[in-house]
Amino acid sequence: LNGVRFSATEIQGVDLGDLSSDQLNALRTPEVDGVLICEEDGDSNRCELTMQNFSREPKKVTVAYYSSQEIRVLTKPQVIELEADAGVDLEAEFKNFSGLYGSTYIVYALLQWEEKGVRNLRAVHHTFRLERPKENSWYLWLAIAAPALLGVLIYTAVLRPRRQ
């Protein structure tokens, strides 16, 4: 449309092979879920993943983070031992690599675990608008004040006619 390259990301689960009714039930009612909430400052995102195990058995959950090419994922995948009926909070970090300010991007946390012989997944996401980083205004004041002060000093020391 505007000549700017972009990419998009979507996570989709795939069923491979025939599944028993127990396995299908495990897929329909995942026992692990999460919420991803991010704070963005224009250059980087700090996200918190709140993950919960609703089952009566502990789960070994693999957590990996994804986004489009414009957003770089800084957090490596990790395996979490999630106790029965317990939750955990994890931190993740993303950085703007080549995203356009004003554009909307999605970051994903992909949760994977084994249940009744089936590899389950749950993808949770956070959508954010990439804003310009907030600049410190003292830089602007310094850029304006320094030449002005230098000009006053030069005028008073050199250029101003001396009274006799």
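These numbers were taken from a predicted model, which means no experiment stands behind them. (Residues numbered from 1 in each chain as written. Predicted model: local features only at pLDDT ≥ 70, side-chain atom pairs only at ≥ 80, totals over all residues. Heavy atoms only, no water.)

**Q** Would you mind showing me how to read the nonpolar core here?
**A** One recurring pattern in soluble globular proteins: nonpolar side chains tend to sit buried together. Counting 23 residues, the largest nonpolar core has L49, M51 and V63 as the members making the most contacts within it. Counting only elements with at least two residues in this core, the list comes to β1 (32-40), β2 (44-53), β3 (59-67), β5 (78-82), β6 (87-96), β7 (104-115) and β8 (118-129). Among the elements that make up this core, the one with the highest residue count is β7 (five residues). Discounting chain neighbours no more than four positions away, the residues touching L49 are G34, V35, L36, V63, Y65, V88, D89, L90, A109, L111 and V124. (Core = buried A, V, L, I, M, F, W, Y, C linked by side-chain atoms within 4.5 Å. Buried < 20%, exposed > 50% of the residue type's maximum accessible area, 1.4 Å probe, protein only. Helix = DSSP H or I, 4+ residues; strand = E, 2+ residues; numbered from the N terminus. Contact = heavy atoms within 4.5 Å.)

**Q** Even after reading the chapter, I still don't get unusual backbone geometry, so can you show me in this structure?
**A** Residues other than glycine predominantly adopt negative phi, and peptide bonds predominantly adopt the trans conformation. Even without being a glycine, D85 presents a positive backbone phi close to 50°. Mapped onto the elements of the fold, D85 is located in the loop between β5 and β6. By relative accessible area, which is 52% here, D85 ends up exposed.

**Q** Teacher, can you tell me more about the state of the cysteines here?
**A** Formally, a disulfide is one covalent bond, and it connects the sulfur atom of one cysteine to the sulfur atom of another. For the coordinates displayed, the defined rule picks out one disulfide. Here C38 engages in a disulfide with C47; their sulfurs sit 2.1 Å apart. Handedness here is read from the sign of the S-S torsion; for C38 and C47, about 105°, the answer is right-handed. Like C47, C38 is buried. (Disulfide = S-S within 2.5 Å.)

**Q** Please explain a nonpolar patch on the surface as it appears in this structure.
**A** Taken together, L150, I154 and V158 make up a surface patch of nonpolar side chains, about 290 Å² in accessible area. Looking at the element boundaries, L150 is found in helix α2 (residues 137-159). (Patch = residues over 30% accessible without salt bridge, like charges linked within 9 Å, V, L, I, M, F, W, Y side chains within 5 Å. Areas by Shrake-Rupley, 256 points an atom, 1.4 Å probe, with all protein chains shown as cover. Salt bridge = Lys/Arg side-chain N within 4 Å of Asp/Glu carboxyl O.)

**Q** I tried to follow the packing of aromatic side chains on my own but got confused; where do I start?
**A** All chains considered together, the criterion is met by two aromatic pairs. A centroid spacing of 6.1 Å and a plane angle of 85° characterise the contact between Y65 and F94, whose relative ring orientation is edge-to-face. Pair noted here: Y65 is in strand β3 and F94 is in strand β6, with a separation of 29 residues, a long-range link. Relative to F128, the ring of Y105 has its centre 6.3 Å away and its plane inclined at 35°; by these criteria the two rings are tilted. In this pair, Y105 is assigned in strand β7 and F128 in strand β8, connecting sequence segments 23 residues apart. The residues Y105 and F128 share a single accessibility class, namely buried. (Phe/Tyr/Trp six-rings, centres within 6.5 Å; stacked < 30°, edge-to-face > 60°.)

**Q** Where do I start with the environment of A92 in this structure?
**A** Mapped onto the elements of the fold, A92 is located in strand β6. Sequence-wise, A92 and P77 are 15 residues apart; in three dimensions their C-alpha atoms are separated by 9.8 Å. Sequence-distant contacts of A92, that is, excluding residues within four places in its chain, are made with N45, R46, C47, Y65 and T75.

**Q** Where do I start with the confidence of the model for the protein chain in this structure?
**A** Low-confidence regions, as indicated by low pLDDT, have predicted coordinates that should not be scrutinised in detail. Summary statistics for the protein chain give a mean pLDDT of 83 and a share of 85% for residues scoring 70 or more. When the elements of the protein chain are averaged for pLDDT, helix α1 (residues 21-28) gives the smallest value, 71, and β5 the largest, 96. (pLDDT = per-residue confidence, 0-100.)

**Q** Where do I start with the side chain of K59 in this structure?
**A** Within the fold, K59 resides in strand β3. Exposure remark for K59: the relative accessible area of 5% places this residue in the buried category. Not counting the four nearest positions on each side in its chain, K59 is found in contact with E31, V32, N53, I80, E81, L82, W113, E114 and E115.

**Q** Sorry if this is basic, but what is going on with the sheet that holds β2 here?
**A** In a beta sheet, neighbouring strands pair by backbone hydrogen bonds and run either parallel or antiparallel. Strand order in the open sheet formed by four strands is β1-β2-β6-β4, and the pairing between neighbours is antiparallel. Strands at the two margins of the open sheet, each flanked by one partner only, are β1 and β4 (71-73). Strand-to-strand twist of the sheet, defined as the mean angle between neighbouring strand axes without regard to direction, takes the value 30°. As judged from the three bridges shared by β4 and β6, these two strands associate in the antiparallel manner. Note that in β6 the partner of I71 across the bridge is N96. (Pairing = 2+ DSSP bridges. Axes fitted to C-alpha atoms, helices over the stretch in contact; angles between N-to-C directions.)

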